[in-house]
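Fold and geometry: a report
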Amino acid sequence: MRIEGSNALVAGGASGLGAATARRLAADGAQLTIADKNAEKGEALAGELGARFVECDVADADSVQAAVAAAGELRISVCCAGVGWAEKTAGKRGPHSFDPFQTVININLIGTFNVLRLAAAAMLGNEPDDEGERGVCINTASIAAYDGQIGQLAYSASKGGIVGMTLPAARDLASSGIRVMTIAPGLFDTPLLAGLPEEARAALGEQVPHPHRLGRPDEYADLAAHIVTNPMLNGEVIRLDGALRMPPR
């Protein structure tokens, strides 16, 4: 799948991994649509890149459908939208709160499902390219899907669901020439960590075997771009974590 000239949608594209991916796809010549709840940041980035911006709540099907429609003849879809939450399953304060768990699942898992299913449905109408491809969908999980830490019940569950969707979705869409891949990042220098003091961020980076630092958003974007252009990458989850395996805490 060629990036240059292809219509691309980045959901959660206003900041962090999504913004880096939007920059990379735009630099490689994609006709880009950025979808995000944060209109201020999204419109600013879209203006900088000469892209289209659509305000979008990934947990709302109509909102996602509008973003997919705005992207035109969609061939590249990347979903980076997500939130975190820290709370134990049960403890002195009682059981895990229901509402935050549901919110994390709705945004991270249901939101990714919405983007995947609606983007794929739109791609079905595309003419196949020389490789027989109609499109590629890239989802974002986390190493927390495998190495969930204490207090990461909701987040790990949501990201584990994304991992679990990858292969069956790829098999569902294979006969139509649509690929599905998932990236599972480790510790990355994103807005989720931006509020921590520099010493705390450095300490997190020290946990990574090699390279001995936090991941950079453009490294996620590099992998996303490679997935788009490599037709043999399909139905797999790639850990992007510098060989990190998270301890319980």
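Above: the structure in question.
Now for a description of the structure that goes with this document.

Thresholds applied
- Within each chain, residues carry numbers counting from 1 in the order of the written sequence.
- Given that the model is predicted, a residue must reach a pLDDT of at least 70 before its local features are reported, and side-chain atom pairs must reach 80 or more before they are shown or counted; all residues, however, enter totals for whole chains, interfaces and linings.
- With hydrogens and water stripped out, all remaining heavy atoms of the structure feed into the side-chain values.
- Helix axes are fitted only over the stretch in contact, all axes being lines through C-alpha atoms; the angle between N-to-C directions runs from 0 to 180 degrees.
- Secondary structure elements are defined from DSSP: runs of H or I of at least 4 residues count as helices, runs of E of at least 2 residues count as strands, and each element is numbered from the N terminus.
- Roughly parallel refers to an angle under 35 degrees, roughly antiparallel to one over 145, roughly perpendicular to one between 65 and 115, and oblique to any angle outside these ranges.
- If you view the pair so one helix is near and one far, a crossing is left-handed when the near helix is turned anticlockwise from the far one by less than a right angle, and right-handed when it is turned clockwise.
- Any two residues whose heavy atoms approach within 4.5 Å are treated as being in contact.
- Under the scheme applied, nonpolar residues are Ala, Val, Leu, Ile, Met, Phe, Trp, Tyr, Cys and Pro; charged residues are Asp, Glu, Lys and Arg; polar residues are all the others, including Gly.
- In this scheme, a helix's expected span is set at 1.5 Å multiplied by one less than its residue total.
- The bend at a residue is defined as the angle formed between two axes, one fitted to the seven residues ending at that residue and one fitted to the seven starting there.
- Every case where a carboxyl oxygen of Asp or Glu lies within 4 Å of a side-chain nitrogen of Lys or Arg is listed as a salt bridge.
- Pairs of cysteine sulfur atoms within 2.5 Å are what we label disulfides.
- Categorising residues by exposure relies on relative accessible area from a 1.4 Å probe, with only protein chains included: less than 20% of the type maximum marks a residue as buried, more than 50% marks it as exposed, and the intermediate range marks it as partly exposed.
- In this description, one arc is meant: the one made by directions from the helix axis to the C-beta atoms.

**Some words on the packing of helix 4 (residues 98–123) against helix 6 (residues 153–174)**
Closest axis-to-axis distance for the helix 4/helix 6 pair is 8 Å, and the angle between their directions is 15 degrees. If you check the angle between helix 4 and helix 6, you find them roughly parallel. In this structure, the crossing between helix 4 and helix 6 has a hand that is right-handed. Packed against helix 4, whose contacting residues are Phe101, Val104, Ile105, Asn108, Leu109, Thr112, Phe113, Leu116 and Ala120, the element helix 6 presents Leu153, Ala154, Tyr155, Ala157, Ser158, Lys159, Gly161, Ile162, Met165, Ala169 and Leu173 at the interface. Partitioned by chemical class, the residues of the contact of helix 4 with helix 6 number 15 nonpolar, 4 polar and 1 charged.

**Considering helix 4**
When the terminal C-alpha atoms of helix 4 are compared, their 36 Å separation across 26 residues agrees well with the 38 Å that a helix rising 1.5 Å per residue should span. Its axis deflected by about 30 degrees at Asn106, helix 4 carries its strongest bend there.

**Considering the pattern of salt bridges**
This structure, assessed with the given rule, holds 10 salt bridges. Ionic contacts of the salt-bridge type, sharing partners, join the residues Asp147, Arg239, Asp241 and Arg245 into one network.

**Regarding the state of the cysteines**
Tallying each qualifying case throughout the model produces 0 disulfides. No disulfide involves Cys80; its sulfur sits 6.8 Å from the nearest other cysteine sulfur, which is in Cys79.

**Some remarks on helix 3 (residues 61–70)**
Taken residue by residue, helix 3 has Ser63, Val64, Ala67 and Val68 as its buried positions. Along the axis of helix 3, the buried residues cluster in a sector spanning 135 degrees; they form a single face. For helix 3, exposure combined with an orientation more than 90 degrees from the buried face picks out Asp62 and Ala69. Summarising the contacts, the buried residues of helix 3 are in contact with strand 1 (7–11), strand 2 (31–36), strand 3 (52–55), strand 4 (74–79) and helix 4. Residue Gly72 follows helix 3 closely and has a positive phi angle near 80 degrees.

Distances and angles like these do not, on their own, reveal function.
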